[in-house]
Amino acid sequence: MAKPKAKVTLLGTCLAEKGLEFVYESEATACRNCKLWKVCHNLQPGKKYQVVGVRPNTKQECAVHKDGICAVEVIEAPVTTLIPADRAILNSSIHFESPCTRTRCRSYHLCHPDGIIEGEKYIVAKVLGTGPDVCEKGRNLKLVELRPAGA
């Protein structure tokens, strides 16, 4: 699989650490008139990212982050989730659709993981095995690691 291409964005200096994973939500109200808005908010809301590099000497003042911001390099991070077993084929391409809507299920967080967007295309990067619990609907599910198809 090809190495994902890093994207430069801005992150609070106290968060800017190689290996950090986060889900980008959106801009804060205080960001709207900032001259760095385009660089700071160039990620897709709802997606999970991982910091792969911190650029030195790039600290800037910020109205949101107390200690300022700095430039970081990020890639879209893999997401662990449950999918139907018949779709859990290594290196296959799928459109993610959550298999369940039962919010009280013990595996709900794996069927609806943070950082994945319903209907988007992903690659099954790893098949990790069965889920930690039996599906309450009786479905045969596999625990997989998904990577963005375009990365």
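Located above this text is the structure these notes cover.
Position labels on residues start from 1 in each chain and follow its written sequence. Where totals are concerned, whole chains, interfaces and linings use all residues; where local detail is concerned, this predicted model gives features only for residues with pLDDT of at least 70, and gives and counts side-chain atom pairs only at 80 or more. Working from all heavy atoms in the structure, the side-chain values ignore hydrogens and water.

A. Spatial organisation of the environment of Arg-106. Strands here are runs of E lasting at least two residues and helices are runs of H or I lasting at least four, both read from the DSSP assignment and numbered beginning at the N terminus. Here Arg-106 shows up in the loop between β6 (93-95) and α2 (108-111). Given a relative accessible area of 61%, Arg-106 falls into the exposed group. Contacts are residue-level and defined by heavy atoms, with any inter-residue pair within 4.5 Å sufficient. Setting aside residues no more than four positions away along its own chain, Arg-106 makes contact with Asp-133 and Glu-136. Engagement of the side chain of Arg-106 in a polar contact is seen with the side chain of Asp-133, the distance being 3.1 Å. Burial classification: accessible surface area is computed with a 1.4 Å probe over protein chains only, and a residue below 20% of its type maximum counts as buried, one above 50% as exposed, and the rest as partly exposed. Pairing of N or O atoms within 3.5 Å defines a polar contact, subject to two protein rules: one partner must be a possible hydrogen donor and the other a possible acceptor, and residues neighboring in sequence count only if both atoms are side-chain atoms.

B. Structural context of the nonpolar core. Only buried residues count toward a nonpolar core. Its members are Ala, Val, Leu, Ile, Met, Phe, Trp, Tyr and Cys residues joined through side-chain atoms within 4.5 Å. If you look at the biggest cluster of nonpolar residues, it comprises eleven residues: Val-79, Ile-83, Ala-88, Ile-94, Phe-96, Ile-116, Ile-117, Tyr-122, Val-124, Val-144 and Leu-146. The set of elements that each furnish at least two residues to this core consists of β5 (79-84), β7 (121-130) and β8 (141-148). If near-sequence neighbours (up to four positions away) are discounted, Ala-88 is found in contact with Ile-83, Val-127, Lys-142 and Val-144. Counting ten residues, the second-largest nonpolar core is a separate cluster that includes Ala-16, Val-51, Cys-70 and Val-74.

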